[in-house]
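The primary structure of each chain is shown beneath.
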Amino acid sequence: MTLSRAAKVVLGAASLAALLSSHGFGPAAAQTAGLNAEATPGNWPARAATVVADPAVETRVDALLAAMSLEQKVGQIIQADIASVTPEDVYRYHLGSVLNGGNSDPGGRYNAPAKDWLAAADAFYAASMRPHGKLPRIPVIWGSDAVHGHNNVVGATLFPHNIGLGAARNPDLIRRIGAATALEMRVTGLDWTFAPTLAVVRDDRWGRTYEGFGETPEIATSYAAPLIEGLQGRMGDKDWLRGPHIIATAKHFLGDGGTRGGKDQGDAEMPEAALRDLFSPPYLPALDAGVQSVMVSFSSWNGVKMHGNRSLLTGVMKERWNFDGFLVGDWNGHGQVAGCTATDCPQSVIAGLDMFMAPDSWKELYRTTLDHARNGTLPAAQLDEAVRRILRVKVRAGMFEAGKP
């Protein structure tokens, strides 16, 4: 079956049913279709790299990698929640990132003022940059779910959830919202948002329906680039990823809005063509706009968890689509991969995940990942590739020169 370029395909409910039917797949066949979970990247639209490789950036990353210890490399690919990690932990374990979950706030106070967020960001940054023998200093990056404004901070400007913004059909408004959100995040010392959500929502029973812009890919596809440029700035401009801008995240890759029965973290049961043409289109303009991180979905595709699907994470996103930023996991999502737990999962990194989101599991995950790196279960080249991508984004964003937030 030949379909037009994914970014331009708009499928309503009727056409989705027709697409599934054409592949011999319908509700009654879901349990018996024996659907494949191995993507064929060559069947996905090709795209050239958006960001031209900068030799100066790559040389700097090479030098950092050569000077890093194995312990430091493992630390870079682990992200811990501020409710379970301290600045001293960031220093001791060389952690590359922290986040604040929905119930995590500086000092455990839900209404902590902006100055407390800034002080916390300063403390984590200072810990990551404190001298540690001859090891290079690598700034920590702080991620937050600023998904409709800087919504975790009391007093920040809140905007409608995505389902409301989708109804507005106004890409320019979305760009301005992204710019306002980025500025307010910078004021509190944070430099990375887990937004935008580009889910195509197919079942209203899904409890996260409000996080999507609509039920067909056209709206998210039209919004992806303006929102990312509002957050990150425009590629080529001097303030891209810095100044009043931050790092954005396209999420959740892939099919999170199409799980069977609308089950959260469930299984998207469909042929590869349906996954590609209904759920992937918004990611192409996101990549074209230079988005620097992509979050992997909790959900599965035909029984295989996205956090362990190498054909999609590496084959499609990194190789076919030439994405050179980093892939971050979702809240212990790696623990749902077959054979994994939240504290032990080299399979995800081998599949293409670059950074574990390990909010409360980070310390034991650090230990087991270090063991796997030492004994070769986690190949050195795979670990280096993950670290390289994280360092590349940090260098691009000027984090090494920025100083305390």
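Residues numbered from 1 in each chain as written. Predicted model: local features only at pLDDT ≥ 70, side-chain atom pairs only at ≥ 80, totals over all residues. Heavy atoms only, no water.

Enquirer: Help me understand the packing of helix α2 (residues 55-67) against helix α14 (residues 380-396), please; the structure alone is not making it clear to me.
Expert: How two helices pack is summed up by the angle between their axes together with the distance between the axes. One way to put it is that α2 packs onto α14 with a least axis distance of 9 Å and a crossing angle of 130°. Judged by the angle between their axes, α2 and α14 are oblique. Considering the relative orientation of α2 and α14, their crossing is right-handed. Residue-level contacts link Val 57, Glu 58, Arg 60, Val 61, Asp 62, Leu 64 and Leu 65 of α2 to Asp 384, Val 387, Arg 388, Leu 391, Arg 392 and Val 395 of α14. Partitioned by chemical class, the residues of the contact of α2 with α14 number seven nonpolar, no polar and six charged. (Axes fitted to C-alpha atoms, helices over the stretch in contact; angles between N-to-C directions. Helix = DSSP H or I, 4+ residues; strand = E, 2+ residues; numbered from the N terminus. Parallel < 35°, antiparallel > 145°, perpendicular 65-115°, else oblique. Left-handed = near helix turned anticlockwise from the far one by under 90°. Contact = heavy atoms within 4.5 Å. Nonpolar A, V, L, I, M, F, W, Y, C, P; charged D, E, K, R; others polar.)

Enquirer: When you look at unusual backbone geometry in this model, what are you seeing that I'm missing?
Expert: Trans peptide bonds make up the majority, and among non-glycine residues the majority have a negative phi. Cis peptide bonds are those with omega within 30 degrees of zero, and the linkage from Lys 251 to His 252 qualifies with -5°. Relative to the assigned elements, His 252 resides in strand β5 (residues 249-253). Its identity is not glycine, yet Asn 302 carries a phi of approximately 50°, on the positive side. Tracing the backbone shows Asn 302 in the loop between β8 (300-301) and β9 (304-305). Looking at Asn 302, the relative accessible area reads 14%, which means it is buried. Residues other than glycine seldom take positive phi values, yet Asn 332 does so here, at roughly 60°. Considering the arrangement of structural elements, one finds Asn 332 in the loop between β10 (326-328) and α12 (346-351). Here Asn 332 falls in the buried class, since its relative accessible area comes to 15%. (Buried < 20%, exposed > 50% of the residue type's maximum accessible area, 1.4 Å probe, protein only.)

Enquirer: Could you clarify how one ought to interpret the confidence of the model for the protein in this entry?
Expert: Close inspection of predicted coordinates is inappropriate for parts of the model with low pLDDT. Scored by pLDDT, the protein has a mean of 92; 92% of the residues are at 70 or more. In this model, residues 1-32 is a region of pLDDT below 50 whose contacts with residues beyond four sequence positions or in other chains number 59 contacts. (pLDDT = per-residue confidence, 0-100.)

Enquirer: Please clarify how the packing of aromatic side chains should be interpreted in this entry.
Expert: Remark: the centre distance and the inter-plane angle together describe each pair of aromatic rings, the angle taken between the planes. In total, this model carries ten aromatic pairs according to the counting rule given. Geometrically, the ring pair formed by Trp 44 and Trp 321 is edge-to-face, given 5.9 Å between the ring centres and 70° between the ring planes. With Trp 44 in the loop between α1 (13-22) and α2 and Trp 321 in the loop between α11 (310-320) and β10, this pair connects stretches of sequence that are 277 residues apart. Both residues of the pair, Trp 44 and Trp 321, count as buried. With centroids separated by 5.7 Å and ring planes inclined at 85°, the aromatic side chains of Phe 124 and Trp 142 adopt a geometry described as edge-to-face. In this pair, Phe 124 sits in helix α5 (residues 114-129) while Trp 142 sits in strand β3 (residues 141-144), placing the two residues 18 residues apart along the sequence. Through successive ring pairs, a cluster of aromatic residues spans Trp 44, Phe 253, Tyr 283 and Trp 321. (Phe/Tyr/Trp six-rings, centres within 6.5 Å; stacked < 30°, edge-to-face > 60°.)

Enquirer: What am I meant to see in the state of the cysteines here?
Expert: Linking two cysteines covalently via their sulfur atoms produces the bond known as a disulfide. Taken as a whole and judged by the stated rule, the model has one disulfide. Disulfide pairing places Cys 340 opposite Cys 345 at an S-S distance of 2.2 Å. In this structure the cystine formed by Cys 340 and Cys 345 twists about its S-S bond by roughly 65°; its chirality is therefore right-handed. Here Cys 340 and Cys 345 have matching classes, each one buried. (Disulfide = S-S within 2.5 Å.)

Enquirer: Help me out: how do you make sense of the packing of helix α7 (residues 171-187) against helix α8 (residues 217-232) in this one?
Expert: Two numbers describe how α7 lies on α8: the axes approach to 7 Å, and their chain directions differ by 30°. Between α7 and α8, the crossing angle belongs to the class labelled roughly parallel. At the point where α7 passes α8, the crossing takes the right-handed sense. Listed contacts from α8 to Pro 171, Ile 174, Arg 175, Gly 178, Ala 179, Thr 181 and Ala 182 of α7 are Ser 222, Tyr 223, Pro 226, Leu 227, Glu 229, Gly 230 and Leu 231. Residue composition of the contact of α7 with α8, grouped by class: eight nonpolar, four polar and two charged.

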